[in-house]
Number of protein chains: 2
Amino acid sequence: MAKPPAPPPGPATVRTISRLAGVAASTVSRALKQDPRVAPETRRRIAELALQAGYTPNAFARTLSGGRSGLVGLIVGPLQNPFYAELLAEAVAQAAALDLRLLLVHAGAGPIEDRTSQALLQYQVDGCLIASAELSSRAAAVCAARGVPIVMVNRVARLHASAVACDNLGGGADLAAFLLAGRHKRFGLVLGTQGTSTSDDRERGFITALAGAGMQPVFSTAGNSTYEGGHAAAGRIAAMSRARRPDAVFAINDIMAMGLLDGLREAGLQVPQDISVVGFDDIPAAARACYGLTTVAQPMTMMLQRGLSLLTGRIASGNLPDETVILRGQLVVRGSARRPP
Amino acid sequence: MAKPPAPPPGPATVRTISRLAGVAASTVSRALKQDPRVAPETRRRIAELALQAGYTPNAFARTLSGGRSGLVGLIVGPLQNPFYAELLAEAVAQAAALDLRLLLVHAGAGPIEDRTSQALLQYQVDGCLIASAELSSRAAAVCAARGVPIVMVNRVARLHASAVACDNLGGGADLAAFLLAGRHKRFGLVLGTQGTSTSDDRERGFITALAGAGMQPVFSTAGNSTYEGGHAAAGRIAAMSRARRPDAVFAINDIMAMGLLDGLREAGLQVPQDISVVGFDDIPAAARACYGLTTVAQPMTMMLQRGLSLLTGRIASGNLPDETVILRGQLVVRGSARRPP
DNA sequence: GAAGAAATTGCACACGGTAGCATTATCCCA
DNA sequence: TGGGATAATGCTACCGTGTGCAATTTCTTC
């Protein structure tokens with residue numbers, strides 16, 4: 001017998017297949033990539049053998065040789081906020097459809113450890129998706145230094161990076177306009193994480209629109225971007241005398257608005273009869289009957305679609321200029337704020 | 001001049017450093033790994049040059065050579081359920097501390113596409129963490145075929161795999177005992193995803209404990225493991241005549257219990273005066289004043305700690321026997337169920 | 001001072017896949 | 001039937017790191 005094609009142990013590689021088929025390894029590689037230079041019959045035979053042997057290409061070897069890993073680094077904010085949970089779920093679904101793998105590098109409010117951002121480089125991510133209100137500057141700097149494209153989602157870019165965000169200014173203004181139309185007179189704010197573009201823009205849009213009507217907020221307090229923060233803010237608001245108390249409060253995001261709403265009710269105030277509450281994000285819980293939050297819906301699907309497309313574009317051709325995409329959110333009117341007459 | 005150490009373009013590699021230091025690449029490799037066979041002085045010099053050149057080891061090359069990727073595949077259930085969001089956040093934190101990277105392969109209730117499970121092999125994950133009530137059998141089979149260790153979290157193993165789970169039987173029994181002590185007479189159940197060990201065990205533990213007191217549930221309905229499912233179940237329960245209606249309902253998980261509770265209140269029932277509600281998981285929202293859910297807390301931190309340790313153990317030595325760890329949950333008494341007198 | 005031991009370091013190859021170039025087989029047409 | 005074009009495939013080197021073994025240097029010790 002000439003060559004008993006003894007299949008070596010371990011998972012099948014191109015070499016395994018090449019021995020089985022009696023061809024060179026490079027032919028196998030080409031055949032599996034539908035290279036037209038390989039004869040159709042050979043291609044077919046190799047495809048069959050590969051299937052039969054349970055061949056799976058080794059992404060590591062391919063990356064080493066080809067330079068592209070197919071990996072995208074992902075950094076998200078605290079998953080306790082359903083907004084981020086939803087964003088993450090959407091990112092996973094869309095990335096899979098694009099045949100990109102997600103390396104989940106960081107999730108949470110805390111700062112990113114150096115060791116963590118190192119991982120982005122060690123694993124040769126092709127790009128990085130940052131969806132966290134916080135700056136993550138360490139990771140961003142690391143990527144920028146290596147020319148790894150970055151796309152921020154839900155934040156505008158402060159540094160060398162592209163970004164997709166909701167029109168936070170416009171959304172804040174829409175909410176202000178809605179409350180003004182509802183004849184509210186005294187406006188309060190529950191702020192999120194100070195210094196983030198998302199939080200600041202919503203606040204600014206809101207205040208600017210109020211100013212357009214000759215008004216300004218009478219009260220402003222920190223909410224820490226958490227349910228608990230919103231709940232605590234409710235305590236402070238409920239403690240105010242009726243005369244000083246705002247009659248409408250804009251919580252910079254829905255999770256705080258939920259805490260705020262629950263807190264106000266616990267303190268005996270009726271929403272929206274005694275006080276109106278509006279939020280921002282339109283997380284699923286905002287639609288629940290017990291909240292019925294008037295808010296601004298972020299176009300989540302579209303945001304990630306555009307975000308990933310910006311990213312893949314920059315991965316494909318390294319020298320595209322930075323780009324920022326602003327998508328308009330949509331005002332969703334529910335029962336948590338008094339409506340215009 | 002002898003050798004102008006011209007640093008080649010692109011990121012620094014061991015070869016870059018080796019040229020700068022005038023040693024062989026293998027020496028650099030060893031020096032950076034603190035191999036005692038390299039002279040201390042040489043080691044120090046190389047470390048300095050590496051730092052200065054911004055050297056980062058290439059995980060892909062290292063994997064190709066060494067066989068271990070440092071990657072763990074992660075599959076989680078639907079992140080709309082805060083339990084999974086919390087679990088994911090904990091997994092990210094703990095994995096980072098263990099210097100493992102997470103390849104987020106799938107998140108959600110849907111089935112896992114073939115292409116997705118292929119990714120587990122292509123990227124040579126060292127192990128796989130499956131935290132989803134659903135079976136994910138495709139991914140599990142793929143891993144098993146390649147000898148990739150699997151650890152299930154929040155599920156007991158139906159197939160070749162290790163597992164860490166809460167004592168769902170015991171937890172269900174604890175809740176039954178608590179309700180019995182509260183002199184409840186008519187018990188209802190809102191079920192989760194049928195056929196999952198998590199859901200089935202909780203139900204079974206509950207029913208068995210009731211049987212021990214000579215009782216049995218009078219009502220049982222599907223809740224689909226979602227808030228909406230629990231909410232819909234509330235509608236069905238509220239529609240029952242007072243005589244037929246259960247006076248205590250166990251929702252298999254907290255997210256359903258929340259929907260149930262809101263739905264019952266909307267229908268005008270008072271909790272716990274008219275009807276008691278208990279859940280399972282102790283997600284953060286269960287502690288909120290507006291819910292105050294009596295539930296069983298899963299030892300999340302410990303579950304992941306043990307889960308990852310099972311996984312790293314099996315990665316380190318391939319032939320450890322499968323192991324299942326059951327951790328006791330803790331009954332958390334709040335206001336959503338009438339207390340024992 | 002030389003033999004042997006110990007400490008350092010270099011060489012070569014392997015990991016799995018890809019791509020450039022060389023080589024061989026095949027075909028067309030004069 | 002021969003020459004050239006074209007199709008099909010093989011050979012080889014490389015990506016960056018890790019490791020076994022050989023080679024070199026240095027140190028011991030009689």
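Residues numbered from 1 in each chain as written. Chains lettered and ligands numbered in written order. Predicted model: local features only at pLDDT ≥ 70, side-chain atom pairs only at ≥ 80, totals over all residues. Heavy atoms only, no water.

Sorry if this is basic, but what is going on with the interface of chain B and chain A here?
How big an interface is tends to be stated in terms of the accessible area lost upon association of its parts. Contacts between the two partners involve 48 residues from chain B and, on the opposite side, 47 residues from chain A. Between chain B and chain A, the buried area comes to about 4,200 Å², and carbon and sulfur atoms account for 62% of it. Considering only the side of chain B, the residues that lose the most area to chain A are F60(B), R101(B) and R288(B), jointly responsible for 17% of the buried surface there. Across the contact surface, chain B and chain A share zero salt bridges. (Contact = heavy atoms within 4.5 Å. Buried area = accessible area lost by both parts, 1.4 Å probe. Salt bridge = Lys/Arg side-chain N within 4 Å of Asp/Glu carboxyl O.)

Please explain the protein's contact with DNA strand C as it appears in this structure.
In the vicinity of DNA strand C lie 26 residues, with V14(A), S29(A), K33(A), Y55(A) and T27(B) positioned nearest. Protein-proximal atoms of DNA strand C, defined as those within 4 Å of the protein, fall in sugar or phosphate at a share of 64%. T27(B) is positioned with one of its side-chain polar atoms (N or O) 2.7 Å from a phosphate oxygen of DNA strand C. Going through the elements one at a time, α1 (14-21), α2 (25-32) and α4 (59-66) of chain A together with α2 (25-32) and α4 (59-66) of chain B are the ones with two or more residues in the surface near DNA strand C. Looking at the surface near DNA strand C, its residues break down into nine nonpolar, ten polar and seven charged. (Near = heavy atom within 4 Å. Polar contact = N/O pair within 3.5 Å; in protein donor to acceptor, adjacent residues only side chain to side chain. Helix = DSSP H or I, 4+ residues; strand = E, 2+ residues; numbered from the N terminus. Nonpolar A, V, L, I, M, F, W, Y, C, P; charged D, E, K, R; others polar.)

Explanation requested: unusual backbone geometry in the structure shown.
Only a minority of non-glycine residues have a phi that is not negative, and only a minority of peptide bonds are not trans. With an omega of 5 degrees, the peptide bond between V271(A) and P272(A) qualifies as cis. Its place among the elements puts P272(A) in the loop between α11 (254-266) and β9 (276-278). Positioned with a positive phi, D281(A) is a non-glycine residue whose angle comes to about 130 degrees. Mapped onto the elements of the fold, D281(A) is located in the loop between β9 and β10 (295-297). Positive phi, normally seen in glycine, also occurs at N154(B), with a value near 70 degrees. Of note, N154(B) is situated in the loop between β4 (150-153) and β5 (162-166). Looking at N154(B), the relative accessible area reads 3%, which means it is buried. (Buried < 20%, exposed > 50% of the residue type's maximum accessible area, 1.4 Å probe, protein only.)

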